[in-house]
Amino acid sequence: MNEVRVNRKAAGRVASGHPWIFSSDITGRDGAQPGEAVKVVDVNGRPLGTAHYSSASQISLRMLSTHVEEIGREFYLRRLRAAEEHRRTVVRGSNAYRVVHGEADLLPALVVDRYAGYLVVQTLNQGMDSAKAEIVSCLQEIFQPLGIVARNDAPIRAKEQLPLEASVAAGDVPECVPVEMNGLTWQADLLRGQKTGIFLDQRENCLAAARYARGGRALDCFTSTGGFALHLAAKCEGVEAVDSSAVALATARANAAANGIGNVQFREADVFDLLGGHSSARRQFALVVLDPPAFAKSRNNIESALTGYKEINLRALRLLGSGGILVTCSCSHHVSEAMFLELVAQAALDANRTLRVLERRTQAQDHPILLTVPETHYLKCLILEVV
């Protein structure tokens, strides 16, 4: 096993429970090869553990273990079994869920999602990509899936100098896979759909939002394949579901039809423009959902992201009267919950609305959060009531 030496700053980061070591903190590489597991030592040669080495990314080392150990099939099998065991304790009412959430399952840069009898794998750095065959073999042993898709078209792979591609890694995979979630049926396109097929991280938040729907009309902005809208439909007179993607809306309509839901109107539109138009027309809703894509892709555009989040919440609040409910989300991990609360508060003041916090939520429990790895806490969801 090649040895990579790091400085005191990196050693302190590992001691604090964070698995990332940056290229600038490496003082010696000892011939480490792209994607291999290496022994990590501090300035005095004391071992810190074992990590995957990347020759391309700014994150050069991702710690796999605080022990020096062989990283092979038995290691992956053990970690994957532990991840699935955790899901058995937290997943309810769904046969679609995240099995592995990267660093949060001590398998950095690996994502595994389950869709009924099928699995989707993302190997997002050189180390996990080089171990893909072993990981697929382990998943076959644990789950006996009908098929496994490698959704390695995530842009982050470009930072690892890895190709962007989507392919079937094992078995046969149909064009769409029906899954059950929260009592509803959904169609998941594992090779071409959003993320790995559908958005799984809002599963619990959709149920929470539905608990506060008390009739009237609802507006679901950035509906994608209809997640919030279909959950709200049973509790509302009608739902207007908006997205700019015609492809996503086609799937959303199919999902509504599959569940016999007829009171959702799907609209292709720019959400910012639509909210402005509704405000000018003095339209009112009982409940509004904002679930936009990440506005802050990096630290460099946090300020513009905060401006965008504030503006969209301001426009949504103008559509809510007394007793109205706002469900507002941010999936930008660069935007902390404190920052998100502050910008929504500013939007409320500008809209002349007083807001009561009903719930402060995060991603579903199958997307766990490690206390010492803030990057694993990326989704913020606030449920607010206009007083």
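Placed above this text is the structure.
Note that the coordinates shown come from a computational prediction; the quantities given were computed from them, not determined experimentally.

(A) Just the overall build of the protein chain, in detail. Counting its regular elements, the protein chain contains ten helices and 20 strands. Its C-alpha atoms give the protein chain a radius of gyration of 22 Å, within 12% of the compact-globule value 21 Å for 387 residues. Seen along its three principal axes, the alpha-carbon backbone of the protein chain occupies a region of about 65 × 45 × 35 Å. In the protein chain, which comprises 387 residues, the share counted as buried stands at 55%. Within the protein chain, residue pairs in contact and separated by at least 24 positions form 63% of the contacts whose partners lie at least 6 positions apart. With the model as given, the accessible surface of the protein chain reaches about 16,300 Å², and the carbon-plus-sulfur share is 50%. Side chains of the protein chain give 42 positive and 42 negative charges; the mean places of these two sets differ by 4 Å.

(B) The nonpolar core, seen in detail. Within the largest apolar cluster, 44 residues are counted, with the highest numbers of intra-cluster contacts made by Y115, L190, L232 and V327. Here this core gets four residues from one element, more than from any other, and that element is helix α6 (residues 227-232). Aside from chain neighbours lying at most four places away, what touches V327 is A209, F228, L287, V288, V289, L290, C381, L382 and I383.

(C) Local environment of the sheet that holds strand β18 (residues 320-330). Strand order in the open sheet formed by seven strands is β16-β15-β14-β17-β18-β20-β19, and the pairing between neighbours is mixed. Two strands lie at the open edges of the sheet, namely β16 (264-268) and β19 (355-362), each paired on one side alone. Geometrically, the sheet is characterised by an average inter-axis angle of 15° between neighbouring strands, direction not taken into account. Judged from the five bridges that link them, strand β17 (residues 285-290) and β18 form a sheet pairing that is parallel.

(D) Just the sheet that holds strand β11 (residues 165-171), in detail. Spatially, β7-β8-β9-β10-β11 is the arrangement adopted by the five strands of the open sheet, whose pairing is mixed. In the strand order of this sheet, the two ends are held by β7 (96-101) and β11, each with one partner. With strand direction ignored, the average angle separating the axes of adjacent strands in the sheet is 20°. Sheet topology note: the strand β9 (residues 118-123)/strand β10 (residues 147-152) ladder contains four bridges and is parallel. Looking across to β10, one finds that V121 is bridged to A150. Sheet contacts for helix α4 (residues 132-143): β7, β8 (110-115), β9, β10 and β11; angle to β9, the most-contacted strand, approximately 155°.

(E) A look at the environment of S244. With respect to the element layout, S244 can be found in the loop between β15 (238-243) and α7 (246-258). Residue S244 is classed as exposed on the basis of its relative accessible area of 55%. Note: C-alpha distance between S244 and F222 (22 residues apart in sequence) is 7.5 Å. Excluding its chain neighbours within four sequence positions, the residues that come into contact with S244 are E268 and A269.

(F) Examining the side chain of E359 more closely. On the secondary structure map, E359 appears in strand β19. Given a relative accessible area of 16%, E359 falls into the buried group. For E359, the side chain forms a polar contact with the side chain of R211, separated by 3.3 Å. Here R361 takes part through its side chain, which lies 2.7 Å from a polar atom of the side chain of E359. Discounting chain neighbours no more than four positions away, the residues touching E359 are A208, R211, Y212, C381, L382 and I383.

(G) Structural context of the pattern of salt bridges. For the coordinates displayed, the defined rule picks out 24 salt bridges. Between R78 and E69 there is a salt bridge whose closest N-O contact spans 3.1 Å. Given a relative accessible area of 45%, R78 falls into the partly exposed group. Several salt bridges converge on common partners, so that one network encompasses E3, R5 and K39.

(H) Local environment of the packing of aromatic side chains. Counted according to the given criterion, the structure contains four aromatic pairs. Aromatic rings pair up to connect F272, F295, Y309 and F340 into one cluster.

Calculation rules
- Residues numbered from 1 in each chain as written.
- Predicted model: local features only at pLDDT ≥ 70, side-chain atom pairs only at ≥ 80, totals over all residues.
- Heavy atoms only, no water.
- Helix = DSSP H or I, 4+ residues; strand = E, 2+ residues; numbered from the N terminus.
- Rg over C-alpha atoms; globule rule 2.2 N^0.38 Å.
- Buried < 20%, exposed > 50% of the residue type's maximum accessible area, 1.4 Å probe, protein only.
- Contact = heavy atoms within 4.5 Å.
- Areas by Shrake-Rupley, 256 points an atom, 1.4 Å probe, with all protein chains shown as cover.
- Lys, Arg positive; Asp, Glu negative; His and termini not counted.
- Charge placed at Lys NZ, Arg CZ, Asp CG, Glu CD.
- Core = buried A, V, L, I, M, F, W, Y, C linked by side-chain atoms within 4.5 Å.
- Pairing = 2+ DSSP bridges.
- Axes fitted to C-alpha atoms, helices over the stretch in contact; angles between N-to-C directions.
- Polar contact = N/O pair within 3.5 Å; in protein donor to acceptor, adjacent residues only side chain to side chain.
- Salt bridge = Lys/Arg side-chain N within 4 Å of Asp/Glu carboxyl O.
- Phe/Tyr/Trp six-rings, centres within 6.5 Å; stacked < 30°, edge-to-face > 60°.

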